[in-house]
Amino acid sequence: MKSKTIAFTKPETAEVEFKEVRPVEGNLVQVRMEYTVVSGGTERANLMAMKNVYQVFPKYLGYCGIGYVTEIGPMVEKIAVGDRVLVYHGIHTEYNVVPESDVTKVESDKIDSLDAAFVVIASMGLGGVRKLEIELGESAMVMGLGLLGIFAVQFCRLSGANPVIAVDLNEERRQLALSLGADYALDPTAEDFREKVMQITKGKGVNACVEVTGISVAMKQALECASYMGRISLLGCTRVSDCEVDYYTQVHRPGVKLIGAHNFIRPKVESYPHHWTHHDDCRAILDMIETGRVDVKSIVSRVVKPEEAPEIYTQLCNDKNFPLGTVFDWR
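What you see is a predicted model, and the numbers here were worked out from it, not measured in a lab.

Quick notes on the rules
Residue positions are given per chain, counted from 1 along the sequence in the order it is written. Per-residue local features of the predicted model are confined to residues with pLDDT of at least 70, and side-chain atom pairs are confined, for both listing and counting, to 80 or more; whole-chain, interface and lining totals are unaffected and use all residues. Note that water and hydrogens are dropped before the side-chain values are worked out from all heavy atoms of the structure. Cavity: a set of points on a 1 Å grid over the protein atoms alone where a 1.4 Å probe fits but cannot get out. Pocket: an open set with protein on both sides within 12 Å along at least five of seven lines, its lining residues, like those of a cavity, having an atom within 4 Å of a point. Grid points are joined across faces, edges and corners, and a volume is the space filled by probe spheres set on the points. Each helix corresponds to a stretch of at least 4 residues labelled H or I by DSSP, and each strand to a stretch of at least 2 residues labelled E; elements are numbered beginning at the N terminus. For this classification, the nonpolar set comprises Ala, Val, Leu, Ile, Met, Phe, Trp, Tyr, Cys and Pro, the charged set comprises Asp, Glu, Lys and Arg, and every other residue, Gly included, is treated as polar. Buried residues of nine kinds, namely Ala, Val, Leu, Ile, Met, Phe, Trp, Tyr and Cys, make up a nonpolar core once their side-chain atoms join them within 4.5 Å. Think of it in three bands: residues with accessible area under 20% of the maximum for their type are buried, residues over 50% are exposed, and the middle band is partly exposed, with areas taken using a 1.4 Å probe on protein chains only. Only heavy atoms matter for contacts: two residues are in contact if any of them lie within 4.5 Å across the pair. Side-chain rings of Phe, Tyr and Trp, where Trp is taken by its six-membered ring, are said to pair if the distance between their centres is within 6.5 Å; with planes under 30 degrees apart they count as stacked, over 60 as edge-to-face, and otherwise as tilted. Look at NZ for Lys and CZ for Arg. If either is within 6 Å of the ring centre and within 35 degrees of the ring normal, a charge sits over the ring. Pairing between strands is defined by DSSP: at least two bridges between them are needed. Every axis corresponds to a line fitted to the C-alpha atoms, with the helix fit spanning only the stretch in contact, and the corresponding angles, defined between N-to-C directions, vary from 0 to 180 degrees. For salt bridges, the criterion is a side-chain nitrogen of Lys or Arg within 4 Å of an Asp or Glu carboxyl oxygen.

Enquirer: What should I look at first to understand the layout of surface pockets in this one?
Expert: Over the atoms, a rolling probe the size of a water molecule traces out where space has been left empty. Within this model, the second largest pocket holds a volume of roughly 690 Å³. Along its surface, the second largest pocket is lined by 31 residues, and S101, V103, T104, H279 and R283 are the ones closest to its centre. Mapped by element, the contributors of at least two residues to the lining of the second largest pocket are strand 7 (103-105) and helix 9 (278-290). Sort the elements by how many residues they give to the lining of the second largest pocket and helix 9 lands first, with seven residues. Here the lining of the second largest pocket is composed, by residue class, of ten nonpolar, nine polar and twelve charged.

Set out below in structure tokens:
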């Protein structure tokens, strides 16, 4: 059987092809996809062959999606045919075949699949916020309002941060952040950016910052705005280090903690405070979507057909204002 699949065939080029579906053996699960979500930062870096990504083509990405199980291997224990599941480490394709450990069952029928399709990427934002160990009443700032950042804004507020400051170049994304719980939304290119942050935090600086841009200058700004003994979670992939940092005055002397928050750095089996497993975070977010504590619908920008992939990815490469929540519909 062949599956319609989006492939990055060479730098800045995406095509739709039909790829043979791998046999369902051992602990593997076959999932007929409903939706997969474009992760703009990661996919753009890979499509453009940026530094610190694999340089070999073709590439197949799309690690965030949802679908129904159509076949299981003989060693699968907890997933059954017909289950609706989140797919982690899948690709943009009609049929994903992944290990049982990379699917999370969606237990509630009340959750819309389009909302649930974003849960995997939302869990990455949640992981970055958890590692900051925010206490009730501490200030928080999110730098970069892509998908991870816009979810991080919601999780900072849910964690009790006050105030929550959202930072991005894009005015539309800043307004979205305000509607999703940010108390302030700032343009980092403003000449008085640091002064505004210090004014908002009553001269103390930011206690907890999620840096999601992956840009060195944003990391430097985060350090400049950090409080005494502040924490900065490096959730974005800083692939190029081209900005000088005074580590003595900005890190060592004020006791600022820099926390690597790559999604792979989390417990695999059992959660513990501030470090939850991927599955536990996904289940927690599903519960919060069902109870209305997390808003996904406001983030969905467009739902497109897989056949539109070449144009979508050309836009991703060239348009800095690429629509935030872009979803492929495989139904």
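From this point, the discussion proceeds with the structure in view.
Enquirer: Looking at this structure, I do not really get the environment of I111. What am I missing?
Expert: Checked against the element boundaries, I111 lands in the loop between strand 7 and helix 2 (113-116). Separated by 180 residues in the primary sequence, I111 and T291 place their C-alpha atoms 9.6 Å from one another.

Enquirer: What's the story with the nonpolar core in this structure? I'm lost.
Expert: Generally speaking, soluble globular proteins have nonpolar side chains that are buried together. L86, F118, I150, F151, F155, C156 and V210 are the most contacted members of the largest nonpolar core, which has 57 residues in total. If you tally residues by element for this core, the top one is helix 4 (residues 147-158), at eight residues. Excluding residues within four positions of it along the chain, F118 makes contact with V37, C64, L147, F151, V296, I299, V300, G325 and V327. V31, V87, Y313 and W330 belong to the second largest nonpolar core, which has 26 residues in total.

Enquirer: Sorry if this is basic, but what is going on with the packing of aromatic side chains here?
Expert: Working definition: an aromatic ring pair is given by the centre-to-centre distance plus the angle between the planes. Taken as a whole, this structure holds four aromatic pairs when the rule is applied. Here F8 and Y313 contribute two aromatic rings whose centre-to-centre distance is 4.9 Å and whose plane-to-plane angle is 70 degrees, an arrangement assigned as edge-to-face. With F8 in strand 1 (residues 2-10) and Y313 in helix 10 (residues 309-318), the pair connects residues that are 305 residues apart, well separated along the chain. Given the relative accessible area of 2%, F8 is considered buried. Take Y313: its relative accessible area is 1%, and that puts it in the buried class. Between F151 and F155, the ring centres sit 6.4 Å apart and the planes meet at 20 degrees, which makes this aromatic pair stacked. In this pair, F151 and F155 both sit in helix 4, four residues apart, roughly one turn of the helix. Owing to a relative accessible area of 2%, F155 belongs among the buried residues under this scheme. Of the aromatic side chains, those joined through ring pairs into one cluster are F8, Y313, F328 and W330. The residue whose ring lies beneath K19 is Y60, and the NZ or CZ to ring-centre distance is 4.4 Å.

Enquirer: Sorry, what's going on with the pairing of strand 5 (residues 84-88) here?
Expert: Regular strands have side chains that alternate between both faces of the sheet. When you tally the buried positions in strand 5, you get five out of five residues, the bulk of the element. Here strand 5 shows a buried face lined by R84, L86 and Y88 and a second buried face lined by V85 and V87. As paired strands, strand 4 (residues 64-72) and strand 5 are joined by five bridges and run antiparallel to one another. By the bridge assignment, Y68 is partnered in strand 5 with R84. Pairing analysis gives three bridges linking strand 5 to strand 7, with the strands arranged antiparallel.

Enquirer: How do you make sense of the sheet that holds strand 9 (residues 164-167) when you look at a structure like this?
Expert: Whenever strands of a sheet pair, they do so through backbone hydrogen bonds, lying parallel or antiparallel. The strand order across the open sheet built from six strands is 10-9-8-11-12-13, with neighbouring strands paired in parallel fashion. The open sheet has two edge strands, strand 10 (184-186) and strand 13 (257-260), and neither has a second partner. Taking the axes of each pair of neighbouring strands and ignoring which way they run, one obtains an average angle of 20 degrees across the sheet. Bridging between strand 11 (residues 206-211) and strand 12 (residues 226-234) involves five bridges; their strand directions are parallel. Residue pairing across strands places E211 opposite L234, the latter belonging to strand 12. Contacts from helix 4 reach strand 8 (140-143), strand 9 and strand 11, with the element oriented near 175 degrees to strand 8.

Enquirer: Mind showing me how you'd approach the pattern of salt bridges here?
Expert: Pairing is possible between side chains of opposite charge, provided their charged atoms come close. Within the structure shown, the criterion is met by 13 salt bridges. For D281, the salt bridge is made with R130, and the minimal N-O distance between the two is 2.7 Å. Of this pair, D281 sits in helix 9 while R130 is found in helix 3 (residues 119-130), placing the two residues 151 residues apart along the sequence. Comparing D281 with R130 shows no difference in burial state: the two are buried. In this structure, the salt-bridge partner of K196 is D192, at a minimum N-O distance of 3.9 Å. Judged by its relative accessible area of 35%, K196 is partly exposed. The partly exposed category is assigned to D192, whose relative accessible area is 34%. One salt-bridge network, held together by shared partners, links R130, R266 and D281.

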